[in-house]
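Chain and residue survey
Listed here are the chains, written in short residue letters.
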Amino acid sequence: MHNSEPNIILQNSITVSVVIPCYDRMDLLERTLHACLQQIVKDTTLMWEVVVADNHPQRIAKDLVQALQSSSPVPLRYIEAGERNIAQARNLGIAAAQGAFIAFVDDDEAPASDWLEAHYTCLICTKADASFGPKYPVFDGGKAPEWDPTGHYYTTDFHLPQNTRLKPLQWFPPQARGLGTGNSMMRRATCLMGDKPFDEKFGRCGGEDTMLLLSLAKKGRYFVWCATAHVWEYNEAPRKVLSYMARRVQRSSYHSAAVRLAISDHPFSTRCNICAVGVAQLLVYGLLFLIRKRSSDYLQVCKAKGKLGFGSMDFIPEPAPE
C-alpha cells in the first residue's frame, strides 16, 4: 500500500486537488503548506483538498502533515510516494487525488492567497486544458547572488497578458521556454490520463514535466498563461552559487533536447536543428564570454552544451552551505 493516512472524511465533490511532491526540505514544506491552507476561495461551490506526496524513504513529512491536519480548513492528506523520483511522486499524488482539476506546487514554493482561485477561474473562463503562472524568487539571506543581482535566472515570468495562449513547441518566438508544472493547474481528463502521466525515467532530473507538457502540446492541448497566479520560490544559500545554476541550465537544455527528439515525427531533422542551434549558441556566446566575462554569456554556453548532448539525467547535488 502506498497510502498512509489517518481516517479522514473527504468531501464527495472535490473540484481541485493540490498535489505537493516533497523530499527532504521540511522547513520549506511547512512554509508551502501554510500558504496553501491560507488560500482565500470566494467561490463557495469550489471544494478542494491538499495531497502531500512524500518521496523520502524515511517518510519524514508524515509527522508535519499530521500535525497540521486538525487545524486544516480543507482535507489535508498524506501519501507515501516512492523514493527519490519526483515523477513517481507526482503520479502517485495524482492517483490519490480526487479532483477533476489537479494543481501542482513544489515544496519550496509559497503560493499567494488567491493562487488557487486564480488558476481555476482562468481555466473555467478560457476552457483551456492547463494554466501556468509566474514564479518569483525569495533568497536565503534576503539578497540575490552577486552574479545575478536581479534574480533573472531564478524567475519565471513571460510578461504576457492574462489568458494568453502558450505554444511551447514553437522555437521562435520562445514564448513559453522554461514552462514547468511547479505553478500550474491541469484538467485531469485531458492532461493526466493513465496510471503514469509523468514519465518516471525523468524522475531524478526533473524533465518529467517537459516530457508531459510537450507531448500534450503536440496533441493540441490548450495551454494558457495565468498572470495573476503567483508563487514565491525559496532559494537556499547553496542554490545561489553560479556553478549550481550552470549545471541546472545545462541539464535542463539536455533533457529539453531529449524530449523534443522523443516526440518528433522526424528525429533526424529535429536532431540537426537542435545541433545547429546549439553550435550557433556555443560560438556566439563562447566568444562573448571570452570578451566580456559575463555570467549570462557563460550560462548560454552551458545551455548550448546541453543541446549538443553534454549533460546528465540525474539530480544535481547542491553545494554544502558555507
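Preceding this section is the structure that the text describes.
Residues numbered from 1 in each chain as written. Predicted model: local features only at pLDDT ≥ 70, side-chain atom pairs only at ≥ 80, totals over all residues. Heavy atoms only, no water.

**Considerations on the overall build of the protein**
The following threshold applies: Under the DSSP-based scheme used, a helix requires at least four consecutive residues in state H or I and a strand at least two consecutive residues in state E, with every element numbered from the N terminus. Accessible area is worked out with a 1.4 Å probe on protein chains only. A residue is then buried under 20% of its type maximum, exposed over 50%, and partly exposed in between. Whether two residues are in contact is decided by their heavy atoms, any of which lying within 4.5 Å being enough. Residue-level accessible areas treat just the shown protein chains as cover; the underlying method is Shrake-Rupley with a 1.4 Å probe.
Summing up its helical and strand segments, the protein has nine helices and 11 strands in all. Relative to its 322 residues, the protein shows a buried fraction of 52%. Of all intrachain contacts in the protein linking residues separated by at least 6 positions in sequence, the fraction that spans at least 24 positions is 79%. Carbon and sulfur atoms form 55% of the exposed surface of the protein, whose accessible area is close to 14,900 Å².

**Thoughts on the sheet that holds strand β5 (residues 109–111)**
Two orientations exist for strands paired in a sheet by backbone hydrogen bonds: parallel and antiparallel. Rule in force here: In this analysis, strands are considered paired if DSSP registers two or more bridges between them. Axes, fitted as lines to C-alpha atoms, cover a helix only where it is in contact. Angles between the N-to-C directions of the axes lie from 0 to 180 degrees.
Read across the open sheet, the three strands follow the order β5-β11-β7; overall the sheet is mixed. Strands at the two margins of the open sheet, each flanked by one partner only, are β5 and β7 (135–139). On average, adjacent strands in this sheet sit at an angle of 30° to one another, irrespective of strand direction. As judged from the five bridges shared by β7 and strand β11 (residues 231–235), these two strands associate in the parallel manner. Within the sheet, the bridge partner assigned to F139 lies in β11 and is N235. On the sheet, helix α1 (residues 26–37) packs against β5, β7 and β11 and is oriented at approximately 10° with respect to β5.

**A few points about the sheet that holds strand β6 (residues 130–132)**
As summarised here, the arrangement of the eight strands in space is β3-β2-β1-β4-β9-β6-β10-β8, forming an open sheet in which the pairing is mixed. Here the strands that pair on one side only, and so sit at the sheet edges, are β3 (76–80) and β8 (165–166). Two elements, strand β2 (residues 48–54) and β3, share five bridges in a ladder whose sense is parallel. Note on β3: the bridge partner recorded for A53 is I79. Sheet strands in contact with helix α4 (residues 115–126) are β1 (16–22), β2, β4 (101–105), β6, β9 (183–187) and β10 (223–225), and its direction is about 40° off that of β9.

**Focus: the pattern of salt bridges**
Pairing is possible between side chains that carry opposite charge, provided their charged atoms lie close to one another. As a reminder, the rule being used: One side-chain nitrogen of Lys or Arg within 4 Å of one carboxyl oxygen of Asp or Glu is enough to make a salt bridge.
Applying the stated criterion across every chain yields a total of 12 salt bridges. As a salt-bridge pair, R25 and D108 come within 3.4 Å of each other at their nearest N and O atoms. Note that R25 is positioned in the loop between β1 and α1 and D108 in the loop between β4 and β5, a separation of 83 residues in sequence. Connected through shared salt-bridge partners, R25, D107, D108 and R239 make up one network.

**Focus on the nonpolar core**
Worth spelling out the cut-off: As used in this record, nonpolar core signifies buried Ala, Val, Leu, Ile, Met, Phe, Trp, Tyr and Cys residues forming a set joined through side-chain atoms within 4.5 Å.
Among the nonpolar cores identified, the biggest contains 35 residues, and V16, V18, L29, L33 and V50 are the most heavily contacted of them. Elements supplying a minimum of two residues to this core: β1, α1, β2, α2 (62–69), β3, β4 and α4. For V50, the residues in contact, after removing those within four places along its chain, are V18, I20, L33, L37, V74, P75, L76 and R77.

**Quick look at unusual backbone geometry**
The phi torsion at H159 lies on the positive side, around 55°, for a residue other than glycine. The residue H159 is located in the loop between β7 and β8 in this model. Relative accessible area serves as the criterion here: at 67%, H159 is assigned to the exposed category. Phi is positive for N163, close to 70°, though the residue is something other than glycine. Relative to the helices and strands, N163 resides in the loop between β7 and β8. You can call N163 partly exposed: its relative accessible area is 31%.

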